[in-house]
Amino acid sequence: MTRRLSILLAAGAAMALSAPVGAQTHAAPRDLPANAMASIEAGEGRAIAEKLASELIENYVYPDQAKRYAAMLRANAAAGRYDSGARHAVAELMSEDLMAVQRDGHLRVSVAEPQAGASAEGERRPPRNWPPLIQSAKWLAPGIAYIRFTAFMSTPEEVAAVRDFMREHSSAQTMIFDLRNHHGGALGEMDEIFPYLFAAKTPLVTLEMPRSTFDRQGSPFGDAPTLEASKDARFFRATHHALPGQATPLRNANVYLLVSNRTASAGEHFSLAFKTTGRATLIGEPTAGANHFGGPTRLGEHFAAFMPIGRTFDIKTGKDWEGDGVAPDIAVDPKQALIVALEKAGLSRAEAGRIDATEIPAEPVHRDKLRAR
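Since the structure is predicted, the reported quantities are computational estimates derived from the model, not experimental observations. (Residues numbered from 1 in each chain as written. Predicted model: local features only at pLDDT ≥ 70, side-chain atom pairs only at ≥ 80, totals over all residues. Heavy atoms only, no water.)

A.B. asks: Sorry if this is basic, but what is going on with the pairing of strand 4 (residues 174-178) here?
C.D. replies: Regular strands place their side chains on alternate faces of the sheet. With five of five residues buried, strand 4 is to be regarded as a mostly interior element. Burial along strand 4 is two-sided: the residues Thr174, Ile176 and Asp178 and Met175 and Phe177 are all buried. Between the parallel elements strand 3 (residues 144-149) and strand 4, the chain passes through helix 4 (residues 156-168) in a crossover that is right-handed. Sheet topology places strand 4 next to strand 8 (residues 254-259); five bridges connect them, and they run parallel. Opposite Phe177, over in strand 8, you have Leu257 as the bridge partner. (Buried < 20%, exposed > 50% of the residue type's maximum accessible area, 1.4 Å probe, protein only. Helix = DSSP H or I, 4+ residues; strand = E, 2+ residues; numbered from the N terminus. Right-handed = clockwise from strand over helix to strand, strands pointing away. Pairing = 2+ DSSP bridges.)

As structure tokens, this is what we get:
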């Protein structure tokens, strides 16, 4: 059976099996599910570790790295490391142990909350305690349009709102996308934005996964017209393209993208697409460095993991952003990024500061201390 996975992952609340969650070091504030505080049952931790080890060997994006993860989990389980404690504490311990072997910005063990994050039909939904997916969308000044995201969850409502925003602001001379606390997501919002900004079909980035994983699970990318797939003996690949839409003044607009070390996953896909094509100026600091795409995997009645199965990379260099992030074009404190963008758009420092004071992101725009990797 084909398993549909998310290309990028919304970060962090308690894991739901019906929808993807995301990058462990970029988690949104969360309420633990009811079963998270219960003590782990006899033998449960060892069973979860063994299930995760097997799933990693079968599905993880890099087979050699998967073997190292699996060996560690099995050794720790045999030593009784996962035999006691609250379930959420055991999940965190396994996640930390995985990162001690090799950092991966998405790989994470969580307590499962089966009904959170998606509808019964599997529709992608954000965790219930997240800020709005679109925090702000407006004219900041004459000719300057602005939109601030929490994630690209590609819900029908968010995609429709992005479509309306781009149409209603298609006369803008400057477009500012604020992704400074962006948790990830999918392609739907991007595919509403890019047609306004590119005059010709343009390759953006390539996504790839092992051919063996594709043969078992099918394509995780769906059948979007912006993706062109290719296969060889080792890999399934899909190149994401910008497809031009109706010509509007936005084709010639200046575009600024605000980024920080909280900009994760699909937010980094969006960032790299703009950086490699030169279509936007990135302002802020390097992004989170959470590259590998995948989806949720059940590990038992009370646990699940996000399983990275592929990577996204720069078509020109073959490099991805795992661990390093996407570098800005203009490096500044991300708290000042909107002011810099507004100054670049022609406003005075005083006016830029006044507007910035009215646009307060719902979450911090910088993480001062990342978790141990």
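A.B. asks: Would you mind going over helix 7 (residues 266-277) with me for this structure?
C.D. replies: Residues separated by three or four positions in an α-helix point in the same direction, a consequence of the helix having 3.6 residues per turn. Across its twelve residues, helix 7 extends 17 Å between first and last C-alpha, which sits within 8% of the 16 Å expected from 1.5 Å per residue. Most of helix 7 sits out of view: ten of its twelve residues are buried. When we look at burial in helix 7, the residues that qualify are Ala266, Gly267, Glu268, His269, Phe270, Ser271, Leu272, Ala273, Phe274 and Thr276. Gly278 occupies a position one or two residues after helix 7 and carries a positive phi of about 75°. (Expected span 1.5 Å × (residues − 1).)

A.B. asks: Honestly, unusual backbone geometry in this entry has me stumped. Any pointers?
C.D. replies: A negative phi angle characterises most non-glycine residues, just as the trans form characterises most peptide bonds. Of note, the phi angle at Ser154 is positive, near 55°, even though the residue is not glycine. In this fold, Ser154 is placed in the loop between strand 3 and helix 4. The backbone of Ser265 shows a phi angle near 60°, a positive value even though the residue is not glycine. Here Ser265 lies in the loop between strand 8 and helix 7.

A.B. asks: Teacher, can you tell me more about the layout of surface pockets here?
C.D. replies: One simple way to see leftover space: roll a probe sized like a water molecule over the atoms. Considering only enclosed or pocket space, the second largest pocket measures out at about 200 Å³ in volume. Lining the second largest pocket are Leu272, Lys275, Asp314, Thr317, Lys319, Asp320, Trp321, Asp324, Gly325, Val326 and Ala327. Of the residues contributing to the lining of the second largest pocket, the split by class is four nonpolar, two polar and five charged. (1 Å grid on protein atoms, 1.4 Å probe; cavity = no way out; pocket = protein on both sides within 12 Å on 5 of 7 lines; lining within 4 Å. Points joined across faces, edges and corners; volume = space filled by probe spheres on them. Nonpolar A, V, L, I, M, F, W, Y, C, P; charged D, E, K, R; others polar.)

A.B. asks: What exactly am I supposed to notice about the packing of helix 8 (residues 337-344) against helix 9 (residues 349-358) here?
C.D. replies: Relative orientation and spacing of two packed helices are given, respectively, by the angle between their axes and the distance between those axes. Following both chains from N to C, one finds helix 8 and helix 9 inclined at 135°, their axes separated by 9 Å at the closest point. By the angle between their directions, the pair helix 8 and helix 9 is classed as oblique. As for the relative orientation of helix 8 and helix 9, their crossing is right-handed in sense. For the pair helix 8 and helix 9, the contacting residues are Leu338, Ile339, Leu342 and Glu343 in the first and Arg349, Ala352, Gly353, Ile355 and Asp356 in the second. Residue composition of the contact of helix 8 with helix 9, grouped by class: five nonpolar, one polar and three charged. (Axes fitted to C-alpha atoms, helices over the stretch in contact; angles between N-to-C directions. Parallel < 35°, antiparallel > 145°, perpendicular 65-115°, else oblique. Left-handed = near helix turned anticlockwise from the far one by under 90°. Contact = heavy atoms within 4.5 Å.)

A.B. asks: Could you clarify how one ought to interpret the environment of Phe303 in this entry?
C.D. replies: Tracing the chain through its elements places Phe303 in strand 11 (residues 303-314). Exposure remark for Phe303: the relative accessible area of 0% places this residue in the buried category. With 255 residues separating them in the primary sequence, Phe303 and Ile48 have C-alpha atoms 7.4 Å apart. Those residues in contact with Phe303 that lie beyond four places of it in its chain are Ile40, Glu44, Ile48, Arg87, Ala91, Val109, Ser110, Ala112 and Arg298.

A.B. asks: Help me understand the environment of Leu93, please; the structure alone is not making it clear to me.
C.D. replies: With respect to the helices and strands, Leu93 occurs in helix 3 (residues 87-101). When the C-alpha atoms of Leu93 and Val109 are compared, they prove to be 8.7 Å apart, with 16 residues separating the residues in sequence.

Such coordinate-based values are descriptive only and should not be taken to indicate function.
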